[in-house]
Amino acid sequence: MIVNTELENKGNLFPSKIIDFKKDVDTLYFSTDNDVILQLTVVRDSLLRFRYTTVGNFDNDFSYAITQYASIGYNKLEIEEKKDCYEVLTSKLRCEISKEDMRVSIYDAKDGTLINQDEGGFHWEESYEHGGNIVKMSKLSNDGESYYGLGDKPNHLNLKGKRFSNWATDSYAYGKDSDPIYKAIPFYTGLHHGKAYGIFFDNTFKSSFDFAHERRNVTSFWAQGGEMNYYFFYGPKMNDVVESYTDLTGKPHHLPPMWALGFHQCKWSYYPESKVKEITATFRKLKIPCDAIYLDIDYMEGFRCFTWNKEYFPDPKRMVKELLADGFKTVAIIDPGIKIDKDYAVFKEGLEKDYFCKRADGAYMKGKVWPGECYFPDFTNPEVRDWWSGLFQELIEDIGVKGVWNDMNEPAVMEVPNKTFPDDVRHDYDGNPCSHRKAHNVYGMQMARATYQGLKKYSYPKRPFVITRSAYSGTQRYTSTWTGDNVATWEHLWIANIQAQRMAMSGFSFAGSDIGGFAEQPQGELFTRWVQLGVFHPFFRVHSSGDHGDQEPWAFDEDVTDIVRKFIEIRYQLLPYLYTAFWNYVDHGTPLLKSLVLYDQDDVHTHYRTDEFVFGEQILACPVLEPNAKGRRMYVPKGNWYNFWTDEIVKGGKEMWVDADIDSMPIFVKEGAIIPKYPIQQYVGEKEIKEITLDVYYKKGKEKSELFSDANDGFDYTKGRFSLRTFNLTGRSNKLIINQHKEGKFITTYVTFKIQIHGLPFEIGEIQLDNETISLKHLKTNGTYSFIVDKNFSQLNIIGK
Ligand code: GLC
């Protein structure tokens, strides 16, 4: 293993003195006399790109991670040559590049704080075996500095003191310290002295990160090939770092259809048709809301993608239609391995068109997966992606499947020690031919992208829905994701909570776990606690291997069914709130889940918290992670919060005990929040929504809330057909004022709001709606006040007696 931070720098080469400097618009080139060039691009005032070559010129600049829609442009770029360094100045950052050794130091331009500094800086080791270099970077790490991010690592949220690598790996029944697992997201946020910055190492080779593990004062990252090519983001707010990274690597191309935010039921596998129908009918009979039902690999004929087992599913089109009539969207799995079978159309076509991956010496890349021996499409070839997207026509357009689940795309290969392709496999890499060493980490991403293209085409005018297991940075543009084959243990509930938060702070919010655990069998209690957590995960799906019994909400005892129903109903009530948060994610890159450190980085107590998180902007949730618990201790962040169940107000900034028996869970609402809620539906669109409830949580002071609505599907919202309502709440001791600001052309189905006021400290004497007094005749009180108003009000005044 490469030990980047080794004290003894054996084999390491370093840049020598800078002898030349050139500027080309937004890009600066610094050259040394040993042929190193640092190319520094000012992408934005708070975003710098550092790219190094050791041979005097750069390779073609190509990245799968960076989106063409990234915002670029700066207000200021000045460069000054000083005695010992060059100084690059933007309106946010001052960056010094030492003439002596090319080391970089980055400062806050306003207050001069040192944010990040090279230790060894860029260095490299030549790779005799593969050619090119093993590229390395080491930075100083300070006492009290914390690190977050890196995608799906099943480890403590704060990465300090640990080392990780990024190499997408099929990891059945992984554990707390397993590394690497399915995803490769080489992005982290550092936090020091209250200021956050981010580093995205856009290198797809196997990369590693050492966060002050080997040496207490050094954080480093390196890769087995390719370029030292990283982006530096400055906050100083962590939320801005995450948004900025998400902007660069891409926000989701559009909102998911609202049904995809409902509850999904999955298992390996539901078949035949009668079993599928029995499951969906039981949901309806027991009145447990559910929007999606999954078909795992057994729906296919011998696991051949794009085929159906006609014995189990004699008429898929009819079945899918019937399921849809009952509100169930069908999601089907599609894996990358194509069975070697000369009578199988997809195989024949792939072979004829030369679309399968080949080994270095020309043989096909042959590997075993579910169907037996397979060949694998080279999804890094744009022509192959086009072909692949076309294969979805029948499944989507004709049969009516609404979502596709891409699995095994690390890519996974069975019965081989390294679980994947050998390194020598060749890839097109969009016209930059390379070996699997470089393409491995993007293989799954490119498969999901091709799948997304197919769904987009054939689902139109509806929105596509894709889910993937493997991902590289930027995959969030196309698809949702889940955290792979976890296990039905309490420790895995802890892991699931961490992973969803970590994915959100890694730009990929649309994520969730296999609720209840994929491997092994949960007790009813564990299943219940896991569903409770899942309510607050953007992707909300129960899945299990099926080897160890059933995992539907009714597979345990009746109490479990009732509690699970109650929690899934909460999810369905919160859909407009979640949808609004999702819109913020799609529009600004705002993470859907905020770990406490992301929520309030100034409070140092948050830096090592793992369990509590904010869902959207205003709801605080904390799962119960132990058996037999009647509640738990948790840290409530600063500010005043309403207990969701009791309306009791608690003052945060401290750890406290919160009661939460099995039918409950610690949930708090930020004071001043206005939470929009739907009536309970069995699936999205079951009812025409005529009224939205606004739960108003009184605050002395001001708070802003939003409600985004549109057609819940389709693309009209991108043409202005949306409705964005901003509620500005102002609370005084004897008055509560809500101002509404409206934007967008969409006419919502709801016509009224049911206002429910929590925690009002005075008795209502008068209500004025746009300056007209409304009668108190219909005012209901039982702890909360409630009344109905027209959705288009501008100002609501609630005045005390
Ligand atoms: C993999 C997936 C799992 C799926 C199974 C069969 O293990 O991670 O979700 O059920 O394959 O397709």
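Residues numbered from 1 in each chain as written. Predicted model: local features only at pLDDT ≥ 70, side-chain atom pairs only at ≥ 80, totals over all residues. Heavy atoms only, no water.

S.K.: So what's going on with the overall build of the protein? Which residues, and what values?
M.R.: Along its length, the protein carries 12 helices and 52 strands. The C-alpha atoms of the protein give 27 Å as radius of gyration, which agrees with the globular expectation for 801 residues (28 Å, within 12%). Taken over the C-alpha atoms alone, the protein extends approximately 85 × 70 × 50 Å along its principal axes. For the protein, restricting intrachain contacts to residue pairs at least 6 apart in sequence, the fraction spanning at least 24 positions comes to 69%. Carbon and sulfur atoms form 47% of the exposed surface of the protein, whose accessible area is close to 28700 Å². On the protein, the mean spot of the 96 positive side-chain charges and the mean spot of the 112 negative ones are 4 Å from each other. (Helix = DSSP H or I, 4+ residues; strand = E, 2+ residues; numbered from the N terminus. Rg over C-alpha atoms; globule rule 2.2 N^0.38 Å. Contact = heavy atoms within 4.5 Å. Areas by Shrake-Rupley, 256 points an atom, 1.4 Å probe, with all protein chains shown as cover. Lys, Arg positive; Asp, Glu negative; His and termini not counted. Charge placed at Lys NZ, Arg CZ, Asp CG, Glu CD.)

S.K.: Break down the sheet that holds strand E42 (residues 674-677) for me, citing the residues and quoting the values.
M.R.: Across the sheet, five strands lie side by side as E42-E43-E47-E51-E50; this open sheet has mixed pairing. Each having just a single partner strand, E42 and strand E50 (780-782) make up the two edges of the open sheet. Averaged over all adjacent pairs, the angle separating strand axes in this sheet is 25°, with direction ignored. (Pairing = 2+ DSSP bridges. Axes fitted to C-alpha atoms, helices over the stretch in contact; angles between N-to-C directions.)

S.K.: Before we move on, can you summarise the packing of aromatic side chains with the specific residues and values?
M.R.: One pass over the structure, following the stated rule, counts 74 aromatic pairs. Aromatic side chains phenylalanine 465 and phenylalanine 539 sit 6.3 Å apart centroid to centroid with 35° between the ring planes, which places their arrangement in the tilted category. In this pair, phenylalanine 465 sits in the loop between helix H7 (436-459) and strand E28 (466-468) while phenylalanine 539 sits in the loop between helix H9 (524-534) and strand E33 (541-542), placing the two residues 74 residues apart along the sequence. Grouping residues by exposure puts phenylalanine 465 and phenylalanine 539 together as buried. (Phe/Tyr/Trp six-rings, centres within 6.5 Å; stacked < 30°, edge-to-face > 60°. Buried < 20%, exposed > 50% of the residue type's maximum accessible area, 1.4 Å probe, protein only.)

S.K.: Lay out the side chain of arginine 565 with the relevant residues and their values.
M.R.: Inspection of the secondary structure puts arginine 565 in helix H10 (residues 558-573). Of the residues examined, arginine 565 reaches a relative accessible area of 18% and is grouped as buried. Polar contacts involving the side chain of arginine 565 include one to the side chain of aspartate 562, which spans 2.9 Å. When residues no more than four places from it in sequence are discounted, the contact partners of arginine 565 are Leu286, Lys287 and Ile288. (Polar contact = N/O pair within 3.5 Å; in protein donor to acceptor, adjacent residues only side chain to side chain.)

S.K.: Can you explain the nonpolar core? Please cite residues and give values.
M.R.: It is characteristic of soluble globular proteins that their nonpolar side chains tend to be buried jointly. With 193 residues, the main nonpolar core has Ile334, Trp388, Phe392, Phe536, Phe753, Leu796 and Ile798 as its most contacted residues. Excluding its chain neighbours within four sequence positions, the residues that come into contact with isoleucine 334 are Tyr299, Cys305, Phe306, Trp388, Phe392, Leu395, Val404, Trp405, Asn406, Asp407 and Met447. Membership of the second largest hydrophobic core comes to 41 residues, among which are Val135, Phe205, Phe221 and Ala223. (Core = buried A, V, L, I, M, F, W, Y, C linked by side-chain atoms within 4.5 Å.)

S.K.: Which residues make up the site of the ligand, and what values do they have?
M.R.: Trp268, Asp296, Ile297, Ile333, Trp370, Trp405, Asp407, Arg469, Trp482, Asp485, Phe518 and His543 make up every residue found near the ligand. Aspartate 296 places a side-chain nitrogen or oxygen 2.5 Å from an oxygen atom of the ligand. The separation between an oxygen atom of the ligand and a polar side-chain atom of arginine 469 is 2.7 Å. For the ligand, whose free accessible area comes to 310 Å², the fraction covered by protein is 98%. Of the residues in the shell around the ligand, the class split is seven nonpolar, one polar and four charged. (Near = heavy atom within 4 Å. Nonpolar A, V, L, I, M, F, W, Y, C, P; charged D, E, K, R; others polar.)

S.K.: Give a detailed account of the sheet that holds strand E20 (residues 292-295), specifying residues and quantitative values.
M.R.: Reading across from one edge, E31-E30-E28-E25-E21-E20-E19-E33-E32 is the order of the nine strands in this open sheet, with parallel pairing throughout. Edge positions in the sheet fall to strand E31 (511-512) and strand E32 (514-515), since each of these pairs with one other strand and no more. As defined by bridge partners, strand E25 (residues 403-406) adjoins E28 across three bridges and the pair is classed as parallel. Following the sheet pairing, valine 404 is matched in E28 by valine 466.

S.K.: Kindly report on the packing of helix H2 (residues 273-285) against helix H3 (residues 316-325), identifying the contributing residues and their values.
M.R.: The geometry of H2 relative to H3 is characterised by a closest axis approach of 11 Å and an angle of 5° between their N-to-C directions. For the element pair H2 / H3, the angle class is roughly parallel. Residues Glu273, Val276, Lys277 and Thr280 of H2 lie in contact with H3, whose contacting residues are Arg318, Met319, Glu322 and Leu323. Among the residues making up the contact of H2 with H3, the classes are represented as three nonpolar, one polar and four charged. (Parallel < 35°, antiparallel > 145°, perpendicular 65-115°, else oblique.)

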